[in-house]
Amino acid sequence: MHFKHPEILYFLFLLIVPVLVHLFQLRRFKTSYFTNVRFLKELSIQTRKSSKIKKRLLLATRLLLLTFAVLAFAQPFFEAKDSKNAANEMYVILDNSFSMQAKGKKGELLKRAVQELLENTPETAQFSLLTNTENFWNTDIKSSKSALQNLQYSATPFELSSIIAKIKAHKSAHKKDIVIITDAIGLPETDIKNIDAEDKPYFIIPEAEQKNNIAIDSVYINQTLENFYEIGVDLAAYGEDFKPVSMALYNQNKLIAKTIINFDTKKKKINFTIPKEAFHGYVTIDDNGLSYDNRLYFSISKTKKTNIISIGEPEKSNFLSRIYTSGEFNYNNYTLSGLDYNSLEKQNTIILNELEEVPQALQTTLKAFVSKGGNLVIIPSEKSSVTNLNSFLGNFGKIQFKNLQSASKQITKINFDHPLFSGVFENKITNFQYPKTARSFDVSSPYPAVLSYEDQTPFVSGIQNPASSVTVFTAPVNSSNSNFQQSPLIVPLFYKIGQNNQKTGVNALTIGDNNPYFVDVLLTKDAILEVKGNDDFFIPIQQILNNKVKLTFNDFPETAGNYSVFDKKNWVENLSFNYKRSESDLSQVNTNLVSDFKTADSISTIFNTLQTERTDSQIWKWFVIFALLFLALEMAIIKFVK
């Protein structure tokens, strides 16, 4: 037992007062008997005995009364087992990512968590509330009620480690209690291990009852016909026993196609055929799972001719003119001596075809060209200077050429997952007419090969940048060194290389991916491009690059949808933004990750537990009650005991 005011216990010395009074009343006096009262002697002795009993009872009650009164003023209590953390500050981390749209026993997980916070958080409790995107420091439930009620699902994924870092950076003289409310979908194990146990973390992991979910993964041009596009839509099903779902395709909010999908497999591909013209719309499904991944917005720009030039000897570049036809491409070939450097910045793709040496001026120009979103192709010559070539390639990546080898090698492996071959083949081919080369360079490359030799060394490698690419061949493709020009692989490979995929393919950007986007527009120095949607508007970070503008979106926009780029009031280009599909699989929950920490089923349980463990048991009221009881007992003894 402890006392809040132990100094008051010194007043227990006052107990000597009733004792002294009692002793004073017990002094012996000499008694003289008179003859007329002698007959009362026997009665007096009996009265004296009862008086002694009454005085002793009064002494005992007064001593106990005074003792309990002094102890009550000293305020005794029993210390709580966790009283040292009674002054801890509370931080509530609330996951508002899209996976919290899943439905539990009482509705959507996020909405139920918000309701529990509003109903069960004590009004006097001070805490800090942190979500995926917002922070409310040192608030209470009344002040944060409006923010909680208006809390929206966030496209920003739940990153526990970064939120914990914010809390640690928030300076405080007190220890911290951290309550983490999350469904733990995709929660990395490293985020859990980095939590300091001294911060007293509590986990509340609401569980979804409906774990079946269907998501639209991607949309792409599966095939380009003369007057039509064949659009491919990939879907993923997570869970078991799916009912048929409907899918619809909209252009400018007008329904243009609809179908029913039966999920006999977990992956499904649906094709739509649409006119070969500009598209600005979305594809949507209707299922009972998460809603954020049921719609995918995309745009297809109006077909423009791609500008391509090759630099090299005309007789070695004739095969390119047969691939890059005038219907889709503006193709020209120049020798190195006849090259107009001013025309390079207007190109989409530049091919260096068997140059023996790349001049320094051309290296500088091409470095700037790639940084502004241009595609570069390098085909070496047997007489190429390895030193000059490696110096040039060092501007773009870590591919380095070694010695020229004279051994004949067959090209036997296709990387079907590489962007240059996406959508080219309906099935993966394991046996085809293998082209070969008579001489080739050894190279060291950390990048995945597009085409490989039989000894697994690369024939074509690609350095993929966010908005451009550098494709490197390791051998000349002229007819004297290789039969690759007669191979069926050459057309799809160079066709995909030549395309500016950002302009002629599907435009479906992902919110949060900070890849730059290049817009073909000529702006004055003071002009600013704006991005507008139906309900949203923002100005991206931008950099003017000659006849292009480099846009960086960071975490904008906040809402998925179809948007357009404007130069003041002039329309420039259509864009589409979508949420990441990283939280579509509701079976990713691993509750074993938090087994080393305390868990609870609701926020009220945590508050009650902390209240019980950290609140001292005050017992001074009982001492007051006993003091009053002894006071009443004293009055009763005085009145009724003779």
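Scroll up a little and you will see the structure.
Predicted, not measured: the structure shown is a model, and the values here were computed from it.

Draft legend 1. Structural context of the overall build of the chain. A count of helical and extended segments in the chain gives 13 helices and 38 strands. For the chain, the proportion of its 642 residues judged to be buried stands at 45%. If you take every contact in the chain between residues at least 6 apart in sequence, the share linking residues at least 24 apart comes to 69%. For the chain, the computed accessible surface area is about 34400 Å², with 51% contributed by carbon and sulfur atoms.

Draft legend 2. Structural detail: the sheet that holds strand S31 (residues 529-532). What the 5 strands build is an open sheet, ordered S29-S36-S35-S31-S32; its pairing is mixed. Sheet topology places strand S29 (509-510) and strand S32 (537-538) at the edges, where each strand pairs with a single neighbour. Summarising the sheet, S31 and strand S35 (residues 561-567) pair through 4 bridges and their orientation is antiparallel. Bridge pairing in S35 links Leu529 to Asp567.

Draft legend 3. Inspection of helix H13 (residues 620-640) at higher detail. An ideal rise of 1.5 Å per residue puts 30 Å on 21 residues; H13 measures up with 30 Å between its terminal C-alpha atoms. Listing the buried residues of H13 in full gives Phe623, Ala627, Phe630, Glu634 and Ile637. For H13, the angular spread of buried residues about the axis comes to 85 degrees, placing them on one side. Within H13, the exposed residues directed more than 90 degrees away from the buried face are Lys621, Trp622, Leu628, Met635, Lys639 and Phe640.

Draft legend 4. Geometry of the environment of Asn138. Here Asn138 is to be found in strand S7 (residues 135-139). Under the relative-accessibility criterion, Asn138 is labelled exposed at 51%. For the pair Asn138 and Gln126, spaced 12 residues apart in sequence, the C-alpha to C-alpha distance is 6.2 Å. Look past the residues within four positions of Asn138 in its chain and what remains in contact with it is Gln126, Phe127, Ser128 and His170.

Draft legend 5. Structural view of the pairing of strand S36 (residues 570-578). The buried fraction of S36 amounts to 7 of the 9 residues, a majority that puts the element mostly inside the structure. Of the strand pairs in this sheet, S29 and S36 are connected by 2 bridges, and their pairing is parallel. Looking at S36, one finds that Thr510 is bridged to Asn578. Where S35 meets S36, 7 bridges bridge the pair, whose relative direction is antiparallel. Counterpart to Ser564 in the pairing with S36 is Asn574. The turn linking S35 back onto S36 is made up of 2 residues, and Lys568 within it adopts a positive phi angle of 60 degrees.

Draft legend 6. Quick look at the sheet that holds strand S19 (residues 349-355). Pairing within the open sheet is mixed, and its 9 strands lie in the order S18-S17-S19-S20-S27-S26-S25-S22-S23. Strands with a single pairing partner mark the edges of an open sheet, and in this sheet they are strand S18 (329-334) and strand S23 (436-437).

Cut-offs used in this document
- Each chain carries its own residue numbering, running from 1 in the direction its sequence is written.
- Only residues with pLDDT of at least 70 get local features here, since the model is predicted, and only at 80 or more are side-chain atom pairs given and counted; chain-wide, interface and lining totals rely on the full set of residues.
- With hydrogens and water set aside, each side-chain value is computed from the structure's full complement of heavy atoms.
- Under the DSSP-based scheme used, a helix requires at least four consecutive residues in state H or I and a strand at least two consecutive residues in state E, with every element numbered from the N terminus.
- For every residue, the accessible area obtained with a 1.4 Å probe (protein chains only) is divided by the maximum for its type, and the residue is called buried under 20%, exposed over 50%, and partly exposed between those limits.
- Whether two residues touch is decided by their heavy atoms; if any such pair falls within 4.5 Å, the residues are in contact.
- Areas reported as accessible are Shrake-Rupley estimates using a 1.4 Å probe. Residue values count occlusion only from the protein chains shown.
- When DSSP locates at least two bridges between a pair of strands, those strands are taken to pair.
- Expected helix span is computed as 1.5 Å times (number of residues minus one).
- The arc in question is traced by the directions running from the helix axis to the C-beta atoms.

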